[in-house]
Structures are given as C-alpha cells and as structure tokens.
Amino acid sequence: MRFLYQRALMILGLVGLANASLAQLTIQGTVYDASKKNPVADVRVENSSGKFTTTDSTGKYKIAVSEKDSLTYTYLNKSTLKFAVSAIANPLSFDISLHIAIPSIYKTLKEVMVYSRTYQQDSIENRQSYADVYNFRKPTIRTSISPDGMVGADVNEIINMFRFKRNKYLKAFQARLEKQEQERFVEYRFNKNFVRRTTQLKGAELDSFMVKYLPSYEFASTADEVTFHRYVLNASYQFKIYLLRQQAKKPIP
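Read on for an overview of the structure. Everything numeric in this text was worked out from a predicted model, so none of it was measured. The numbering scheme is per chain: residues are counted from 1 as the chain's sequence reads. Local features in this predicted model are restricted to residues whose pLDDT is 70 or higher, and side-chain atom pairs enter the listing and the counts only when it is 80 or higher, whereas totals over whole chains, interfaces and linings include all residues. Side-chain measures were taken over the full set of non-hydrogen atoms in the model, leaving aside hydrogen atoms and water.

Here we come to the overall build of the protein. Here a helix means four or more residues in a row that DSSP labels H or I, a strand means two or more in a row labelled E, and each is numbered from the N terminus. Of regular secondary structure, the protein possesses 9 helices and 10 strands. The buried label goes to any residue with under 20% of its type's maximum accessible area, the exposed label to any with over 50%, and the partly exposed label to all in between, with areas taken from a 1.4 Å probe on protein chains only. Considering the protein as a whole, with its 253 residues, one finds that 25% of them fall into the buried category. Two residues qualify as a contact provided that any one of their heavy atoms is within 4.5 Å of a heavy atom in the partner residue. Sequence-distant contacts, at least 24 apart, represent 54% of the contacts inside the protein between residues at least 6 apart. Here, Shrake-Rupley sampling with a 1.4 Å probe gives the accessible areas, and only protein chains in the shown set may cover a residue. Total accessible area computed for the protein in this model is approximately 19400 Å², and 58% of it derives from carbon and sulfur atoms.

Now the structure itself:
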C-alpha cells in the first residue's frame, strides 16, 4: 500500500513538472522608437515573475515566460503598460515601439539619380581623349594653302615622314587602343550577369565558361541579339556535357 502511495506521488510530480515545462514560453522581438524604424538598445524587458533581460544594439531581445506572465518594457526609468503573454499572437516576433525618438545613423535622401555609363559613352570619351592617336595616319606628301591663298607642299607632313620612331610609336599605340576598345566591347556584350542568367552557371564554373567561350570581336560586333543569345545557350550545353565527362573521369574514392 505504501509502495502504491509513493508511486502515485511520483507520477503526480512528473505530471506537474511536464505541465510546468509545457507552460514555459519564449518571447522574442525588437523594440523600436516612435518612428518604428530605429531600434532601441538597453531597454529592460521584465516578466511578472521577476526575470528580465535587455535589448541589444539592434533592439532585439529574448526572454523566458509562462502563460500567466505579463511583460513590461522600461527605458530611462519609464515603463510601458503590461502586455499579457496569453494575448501575444506571435511569441517569436513580438515587436513594440516606444514613444521616444532615437537618432538614426542612417538618413533618407529625398531623391537620388544614378546614371549608368554605357559602353558607347566610354568609347566616345576614350576616342576624344586620344584623338591624336586614333586619327593618326601615315605621313605623306600633301598640299596645303597658305593664308595668302598660295598652294604648296605641307612642310609638316614632309618633316613627319622622316620621324620614323614617332610614326612607329603612334601606329603601335593606335593599334593597342583599338584592340583594347574591341576587348571592352566583347566584355560589355559577353558580361557575367547576362551569361549567368542565360546559362544558370555560378562560381568557378561560370568563370571557366567565360574564359573558354569568350567570343571574338568580329562575332560580338556583327551578331544580332537572337544569334548571340543562341551562341551562349548552345555553348552552355556543350560546357555542361564537358563537365559531366570530366566528373566521370574522376576516380571514385
């Protein structure tokens, strides 16, 4: 009989502990100022059982409560009304705002206009900056008209004909500028964002694809949108088959 009595007490105790654990809840959320935008740090969050915590630098808090508890929020010795835990619909995101103003480290600009430079704008500006080089042509005998209307040979052109180092340098510089302009055009058209959207490749695979299937300037400058898009798409199919074959060649560990 005594054994049955002790066992009954033990069962009741376990049931009580289970009920108590089930009644424990966690309330968490963020405390904002009156604007409902700026988080408030160092707010004391206290339940009716005497347990408390404080909000962090981002206004967030987390506190353990029971179903019968209520919460108060205290900032600079001023407390809010009590919030009954049983009335909180979403315990994992219980955000509140206090009737105070907190200076924000961010400011909202009235209007910001962002202009994206195009390849054409960069190209025009580059050609204007290096106009002498882009317009360079091999010196030859040309005629010129003097202020008094006399026609004669262009002396400067004759002098430049014998400036071999200058002419060689300008010709090489012109070729280099034109090659850079062509490379920038290919990069402008065969850019990562476009290729990523078309092929769905990412990371190292995308980088490898960009190198392996970089189109020539002649193709990039003459292909229409449909042809260029088809080229990238077909290249991606070939590349994915290549990746599968490479994967199949790897030894199984």
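Quick look at the packing of aromatic side chains now. Centres within 6.5 Å make a pair out of two Phe, Tyr or Trp rings, where for Trp the six-membered ring is used; the pair is then stacked when the planes are under 30 degrees apart, edge-to-face when over 60, and tilted otherwise. Under the criterion given, the structure shown has 14 aromatic pairs. Geometrically, the ring pair formed by F228 and Y231 is tilted, given 6.4 Å between the ring centres and 45° between the ring planes. Here F228 and its partner Y231 are both found in helix 9 (residues 225-249), 3 residues apart, which amounts to about one turn of the helix. Among the aromatic side chains, those forming a connected cluster through ring pairs are F190, F209, Y213, F239 and Y242. Placement of a charge over a ring requires the Lys NZ or Arg CZ to be within 6 Å of the ring centre, with the centre-to-atom vector within 35 degrees of the ring normal. Above the face of the F228 ring, R189 is positioned so that its terminal group lies 4.5 Å from the ring centre.

A few words now on the sheet that holds strand 4 (residues 60-66). Working definition: the strands of a sheet are paired by backbone hydrogen bonds and lie parallel or antiparallel to each other. We treat two strands as partners when DSSP finds at least two bridges between them. One open sheet holds the 3 strands; their spatial order is 4-1-8, and the pairing between them is mixed. A strand with exactly one partner marks an edge of an open sheet, and here the two such strands are strand 4 and strand 8 (96-97). Relative to strand 4, strand 1 (residues 24-32) is paired through 7 bridges, and the arrangement is antiparallel. Opposite L25, over in strand 4, you have V65 as the bridge partner.

So, about the side chain of S236. As for its placement among the helices and strands, S236 is situated in helix 9. Any N or O atom pair separated by 3.5 Å or less is treated as a polar contact, with the protein-specific requirement of one donor-capable and one acceptor-capable atom, and with residues adjacent in sequence counted only for side-chain atom pairs. In this structure the side chain of S236 is engaged in a polar contact, spanning 2.5 Å, whose partner is the backbone oxygen of L233. Not counting residues up to four positions away in its chain, the partners in contact with S236 are T199 and F209.

This part covers the layout of surface pockets. Space inside and on the surface of the protein is sampled on a 1 Å grid over the protein atoms alone, with a cavity defined as a set of points where a 1.4 Å probe fits but cannot get out and a pocket as an open set with protein on both sides within 12 Å along at least 5 of 7 lines; lining residues have an atom within 4 Å of a point. Grid points are joined across faces, edges and corners, and a volume is the space filled by probe spheres set on the points. Counted as a void, the largest pocket has a volume near 190 Å³. Contributing to the lining of the largest pocket are Y75, L76, K78, S79, T80, L81, F83, I96, S97, L98, H99 and I100. Residue assignment for the lining of the largest pocket shows that the elements contributing at least two residues are strand 6 (78-79) and strand 8. Note that Gly is not counted as nonpolar here; it falls among the polar residues with everything else outside the nonpolar set of Ala, Val, Leu, Ile, Met, Phe, Trp, Tyr, Cys and Pro and the charged set of Asp, Glu, Lys and Arg. Residues that form the lining of the largest pocket fall into these classes: 7 nonpolar, 4 polar and 1 charged.

As for its position among the elements, T74 is in strand 5 (residues 70-75). For T74, a relative accessible area of 18% gives the class buried. A distance of 2.9 Å separates the side chain of T74 from the side chain of S79, its partner in a polar contact.

On to the packing of helix 6 (residues 192-199) against helix 9, then. Axis angle and axis distance: for two packed helices, these are the angle between their axes and the distance between the axes, and together they describe the pair. A fitted line through C-alpha atoms serves as each axis, taken over the contacting stretch for helices, and the angle formed by two N-to-C directions is quoted from 0 to 180°. One can describe the packing of helix 6 onto helix 9 by two numbers: an axis separation of 10 Å at closest approach and a directional angle of 65°. Remark: the crossing between helix 6 and helix 9 carries right-handed chirality. Every residue of helix 9 that contacts helix 6 at F194, T198 and T199 is listed here: F228, H229, V232, L233, S236 and K240. Whether a crossing is left-handed or right-handed is set by the direction in which the near helix is turned from the far one by less than a right angle, anticlockwise for left-handed and clockwise for right-handed.

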